Amino acid sequence: MSEPTIDVIAIGNAIVDVLAPASEEQIAALGLAKGGMTLVEPDRARELYAAMGPAREISGGSAANTLAGLAQLGAQCAFIGQVADDQFGHVFAHDIRAGGIGFDTPVRNGEPATAQCLIFVTPDGQRTMNTFLGASQFLPADALDESVIASAKVLYLEGYLWDPEEPRRAMRRAISAARGAGREVAFTMSDAFVIARHGDDFRALIEEGQIDILFANEHELAALTGLEDFHEGLDQLAAKVPCVVVTRSEKGAHAVRRGEVAHVPAQPIDKVVDTTGAGDLFAAGFLFGHVRGMALDTCLTLGAICAAEIISHYGARPEADLKALVADAVA
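- As annotated in an unreviewed UniProt entry, the protein is Sugar/nucleoside kinase (Ribokinase family) from Novosphingobium sediminicola.
- Reading the Sequence similarities (unreviewed entry) entry of the UniProt record for the protein gives the comment "Belongs to the carbohydrate kinase PfkB family."

Next up, the structure:
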């Protein structure tokens, strides 16, 4: 078997985040649910985009955020996700490649457009998000290059993308390709609502031994196991998954890897500004340590450092130099 040439390859939603300042009056005039996240249809997305002032556009999506962190730390990464042949598709492709991440998924012609998260930021810092999932929900299995998947140490899958049927088939095919090559499969639960809809699928994958690394927060852990006691739920999953990583916000994070147990506290931070992307960047730090063969508590510490950086500012992409932040932890 050939040696892997990629550290982590991920499959996820290919979304462009569009952030613009907004007044309280504009939020009210547009009928937006301030501070919330609403799924919107194409016409509404076009209406809201037209109403935005000068905006910042950056590639987003949970798994893509994780890769952005990994690439900053020095990992070799690649992304699989569906964009359309349109303005936002070009923005996403350019942005993710500029971050040093391989991205070769063929564009999709016609409607729907590339996915967008239209974010209105009011003076009090509240982010009102309106998400149009668009082309990201139509990733076909035949868009996968199985040889590239087989060349990665870890295949990382975004739970959000399990919801639509077409990318779900693609991810099942990717799991087969990775496992056939003897690689590890990592899965992030993404959200309790995803578990509510597809928990039986996830539990079946776990029972079949298809998942090597599982990421969840404590609410997702309870939803997946049906157990309210945190430690009971962790023990249940750890008996079936080689590596389980669970975050608990200010209570820190726990992991069990092949019987080894570790816990780290949350990193100190002056002020929590925005928790968007915290789990994504935690996974980035942990996976970086994991693919480099670091100790379990070090992997958790790297995750905690990356999560602390992301919650210290608005936006789900790092603004500080992650490699510098983790230097002492990896020394």
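### Looking at the nonpolar core
Okay, step 1: Within the largest apolar cluster, 66 residues are counted, with the highest numbers of intra-cluster contacts made by Leu70, Phe79, Phe92, Tyr156, Phe215, Phe286 and Leu300.
Okay, step 2: For phenylalanine 286, the residues in contact, after removing those within four places along its chain, are Phe215, Cys243, Val245, Ala255, Leu296, Cys299, Leu300 and Gly303.
Okay, step 3: By size, the runner-up hydrophobic cluster in this structure holds 40 residues, among which are Ile206, Ile211, Leu221 and Leu234.

### Some thoughts on the pattern of salt bridges
Okay, step 1: Applying the stated criterion to the full structure yields 16 salt bridges.
Okay, step 2: Residues lysine 153 and aspartate 7 are paired through a salt bridge, measuring 3.5 Å at the closest nitrogen-oxygen approach. Here aspartate 7 lies in strand β1 (residues 6–11) and lysine 153 lies in strand β9 (residues 152–158), a separation of 146 residues in the sequence.
Okay, step 3: We classify aspartate 7 as buried; its relative accessible area is 7%.
Okay, step 4: The network of salt bridges with shared partners includes Asp7, Lys153 and Arg292.

### Focus on the sheet that holds strand β3 (residues 37–39)
Okay, step 1: Taken together, 5 strands build an open sheet; the order of strands is β3-β8-β7-β2-β4 and the sheet is mixed. Because the sheet does not close on itself, it has two edges, and the strands there are β3 and β4 (56–60). Mean inter-strand twist for the sheet, computed between neighbouring axes without regard to direction, equals 20°.
Okay, step 2: Packed onto the sheet, helix α2 (residues 42–51) meets β2 (15–21), β4, β7 (115–121) and β8 (127–132) and runs at close to 40° relative to β7.
Okay, step 3: Across the sheet, helix α4 (residues 87–98) is in contact with β2, β4 and β7; its angle to β4 comes to roughly 70°.

### Things to note about the sheet that holds strand β14 (residues 260–264)
Okay, step 1: An order of β6-β5-β1-β9-β10-β11-β12-β13-β14 is seen for the 9 strands of this open sheet, with the pairing classed as mixed. The two strands at the open ends of the sheet, each matched to only one other strand, are β6 (101–103) and β14. The average angle at which neighbouring strand axes cross in this sheet is 20°, direction not considered.
Okay, step 2: As defined by bridge partners, β1 adjoins strand β5 (residues 77–80) across 4 bridges and the pair is classed as parallel. Following the sheet pairing, valine 8 is matched in β5 by cysteine 77.
Okay, step 3: Along the sheet, helix α11 (residues 296–310) makes contact with β12 (243–247), β13 (253–257) and β14, crossing β14 at roughly 30°.

### With respect to the packing of aromatic side chains
Okay, step 1: Tallied over the full model, the rule gives 10 aromatic pairs.
Okay, step 2: Between phenylalanine 92 and phenylalanine 103, the aromatic rings sit 5.5 Å apart at their centres with planes inclined by 70°, giving edge-to-face as the arrangement. With phenylalanine 92 in helix α4 and phenylalanine 103 in strand β6, the pair connects residues that are 11 residues apart, well separated along the chain.
Okay, step 3: Judged by relative accessible area, which is 2%, phenylalanine 103 ranks as buried.
Okay, step 4: Through successive ring pairs, a cluster of aromatic residues spans Phe79, Phe92 and Phe103.
Okay, step 5: The ring of phenylalanine 138 has arginine 108 lying over it, and the distance from NZ or CZ to the ring centre is 4.7 Å.
Okay, step 6: Taking the ring centre of phenylalanine 230 as reference, the NZ or CZ of arginine 248 above it sits at 3.9 Å.

Parameters at a glance
One numbering rule holds for all chains: residues counted from 1, following each sequence as written. Note on the predicted model: pLDDT of at least 70 is required for a residue's local features to be given, and 80 or more for side-chain atom pairs to be given and counted; whole-chain, interface and lining totals, by contrast, use all residues. Side-chain calculation: all heavy atoms of the structure are included, whereas hydrogens and water are not. UniProt positions are given in the numbering used here, feature names are shortened, and annotations may be inferred rather than shown by experiment. Residue types Ala, Val, Leu, Ile, Met, Phe, Trp, Tyr and Cys, when buried and joined through side-chain atoms within 4.5 Å, form a set referred to as a nonpolar core. In this scheme, a residue with accessible area under 20% of its type's maximum is buried, one over 50% is exposed, and one in between is partly exposed, where area comes from a 1.4 Å probe on protein chains only. When checking whether two residues touch, look at their non-hydrogen atoms; a contact exists if any pair is within 4.5 Å. Salt bridges are counted wherever a side-chain nitrogen of Lys or Arg sits within 4 Å of a carboxyl oxygen of Asp or Glu. A run of DSSP states H or I qualifies as a helix once it reaches four residues; a run of E qualifies as a strand once it reaches two. Both are numbered from the N-terminal end. In this description, strands pair whenever DSSP reports at least two bridges between them. Lines fitted to C-alpha atoms define the axes here, with helix axes fitted over just the stretch in contact, and angles between the N-to-C directions of these axes take values from 0 to 180 degrees. Stacked, tilted and edge-to-face pairs are distinguished by plane angle, under 30 degrees for stacked and over 60 for edge-to-face with tilted covering the rest, among Phe, Tyr and Trp rings (Trp via its six-membered ring) whose centres lie within 6.5 Å. Two conditions define a charge located above a ring, namely a distance within 6 Å from the ring centre to NZ of Lys or CZ of Arg, and an angle within 35 degrees of the ring normal.

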